[in-house]
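Report on the structure
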Amino acid sequence: MTGQVLVASNRGPVSYTLGDDGSLTAKRGGGGLVSGLSALGPGAGTWVCAALGDGDREAARRAGPRLDLADTGGQAVRMLDIPPLTFDAAYNGIANSVLWFVHHLLYQTPFEPVFDADFEARWADYRAYNAAFAEALADEAAPGAAVLVQDYHLSLVPWLLRERRPDVRVGHFSHTPWAPPELFRVLPDVVACEVLLGILGADRAAFLTRRWADAFAACCADLLGAEVTDEGVTFEGRTTRLGVHGLGADGDFLRERAFRPDVDERLAALREQVGDRRTIVRVDRTELSKNIVRGLLAYRRLLTDRPWWRGRVTHVAFAYPSRQDLAVYRDYTAEVSRVADEINAAFGAEGWTPVVLHVKDDFARSLAAYRMADVALVNPIRDGMNLVAKEVPVVSERGCALVLSREAGAAAELGDDALMVNPYDIAGTAEALHMALSLSDQEREERGKRLAAAATALPPRAWFLDQLEALRA
Ligand code: G6P
């Protein structure tokens, strides 16, 4: 069965750190794809991913084509040792500095796609990196295998794989939003068309919401002159079907994991800091599109405009490091801490720290914060889905209110019971925080229950199996 289903993604299900003594320590990751693939049963499927750092590279070199099953929990993983400069140009230089910005509508200095003298060279590296994946997949795939290619890092893979292996079924899944045509055109024409044609190499291209699927189809019509019908997108006689699969939270896993002793311990520590005050929780990667600074400014506005809340509420904000190879992310990380410190300096009082900011990644502590949340703040500028918006209502102990950006994919499913905000509107977000904090216990609990039900409608295993079934249909 192994060769029959393949998953390809930049980041794999395991990562390695290299010790000074040359030892390798493996760490397994979680997330939708990991639990999705587990639906096939133990050891089924093969995952092709990139070596992301020195530890991964060393592991890939030592292991040969497949990683040690003891490290991966039995999952067959082929980790590609792509030359570091090629990888850096493709991942940092194109995927994260250009494509990510375009799809998240980050167009204003300093958050803007990087087009410099090196752009063409970086684009050539992105092609080479995609070709390395296509080669490995072509080599791994059994006749007629189903290959599920993930995200904007690998947009050229479907096309490149089809050229090498016309017998396999290829699906592409975008975990990001998709930019509307007039904004997608920010990309150089050749690049924009290559990305679209790359994905159209798939039999099926899938998205987290209808909105992103429609935007992709509109780009194909606008830039390529492709025909869009209910069937999908047809270009030069070939049709790529479109699909929508709104990844949900893994309710069973979260409800069990969030009540283990390590989470209890962290909950007790947080309670010590927060006391019995109301709690506004946010948990994010420190990601430009997550709009963390405006979230903090909205909280400051709440304390300024509605002084009654001073001393009665605490903002528990977890902003975990992300993409620190990029200067713009490092600067943003510093800005988040600076604004949190400013708020604490301006409003803090004996026994009350208005913002409790943690920047070191700790999953158990995130779950502890979910448990204590009265309000979850999720205000991205734009987001493919946003799973935090779905996870907090599942875990929160007293039912939590959700302040949610209308630009998050999750808004399509949770919009009825969340308090919706325009992510650019700081005053509006402050007002929504006030309303969320002011809900009666009954109202909050009822909304929380409905949010949790909607959030778990398509858990990762079903999400994954649905895609596979649709691809094979
Ligand atoms: C988003 C992307 C994923 C990516 C994740 C973390 O969710 O859609 O493909 O893995 O961010 O980003 P990173 O650059 O650390 O892999």
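Throughout, residues of each chain are indexed from 1 in the direction in which the sequence is written. Given that the model is predicted, a residue must reach a pLDDT of at least 70 before its local features are reported, and side-chain atom pairs must reach 80 or more before they are shown or counted; all residues, however, enter totals for whole chains, interfaces and linings. Working from all heavy atoms in the structure, the side-chain values ignore hydrogens and water.

Numbering of helices and strands starts at the N terminus; helices are DSSP runs of H or I of at least 4 residues and strands are runs of E of at least 2. Here Gly232 lies in strand S10 (residues 232–235). When a residue's accessible area, from a 1.4 Å probe over protein chains only, is under 20% of the maximum for its type it is buried; when over 50% it is exposed; and in between it is partly exposed. Its relative accessible area of 2% is what places Gly232 among the buried residues. Residues Gly232 and Ser9, 223 residues apart in the sequence, show an inter-C-alpha distance of 24 Å. Setting aside residues up to four positions removed in sequence, Gly232 forms contacts with Glu227, Thr239, Thr240, Arg241 and Leu242. Pairs of residues are marked as contacts when any of their non-hydrogen atoms sit within 4.5 Å.

Each residue is tested against the molecule or strand, and it is near if at least one of its non-hydrogen atoms lies within 4 Å. Close to the ligand lie Arg11, Tyr91, Asn96, Trp100, Asp151, His153, His175, Arg285 and Arg323, which account for all nearby residues. In this structure, Tyr91 approaches the ligand through a side-chain N or O atom, which is 2.5 Å from an oxygen atom. Definition of a polar contact: a pair of N or O atoms within 3.5 Å, with one able to donate and the other able to accept a hydrogen when the atoms are protein atoms, and with sequence-neighbouring residues admitted only if both atoms are side-chain atoms. A distance of 2.6 Å separates an oxygen atom of the ligand from a polar atom in the side chain of Asp151. Computed by Shrake-Rupley with a 1.4 Å probe, the accessible areas treat only the displayed protein chains as cover when residues are assessed. Taking 370 Å² as the accessible area of the ligand by itself, protein coverage stands at 74%. Examining the composition of the shell around the ligand, we find that 3 residues originate from one element, helix H4 (residues 84–103), more than from any other. Of the residues that constitute the shell around the ligand, the class distribution is 2 nonpolar, 3 polar and 4 charged. Each residue gets one of three labels, nonpolar for Ala, Val, Leu, Ile, Met, Phe, Trp, Tyr, Cys and Pro, charged for Asp, Glu, Lys and Arg, and polar for the others, Gly among them.

Phi is mostly negative for residues that are not glycine, and the peptide bonds are mostly trans. Phi at Asn291 takes a positive value of approximately 65 degrees, unusual for a residue other than glycine. A positive phi angle is found at Arg323, which is not glycine, with a value near 45 degrees. You can see Arg323 is positioned in the loop between strand S13 (313–320) and helix H13 (327–347). Among the residues examined, Arg323 registers a relative accessible area of 15% and is labelled buried.

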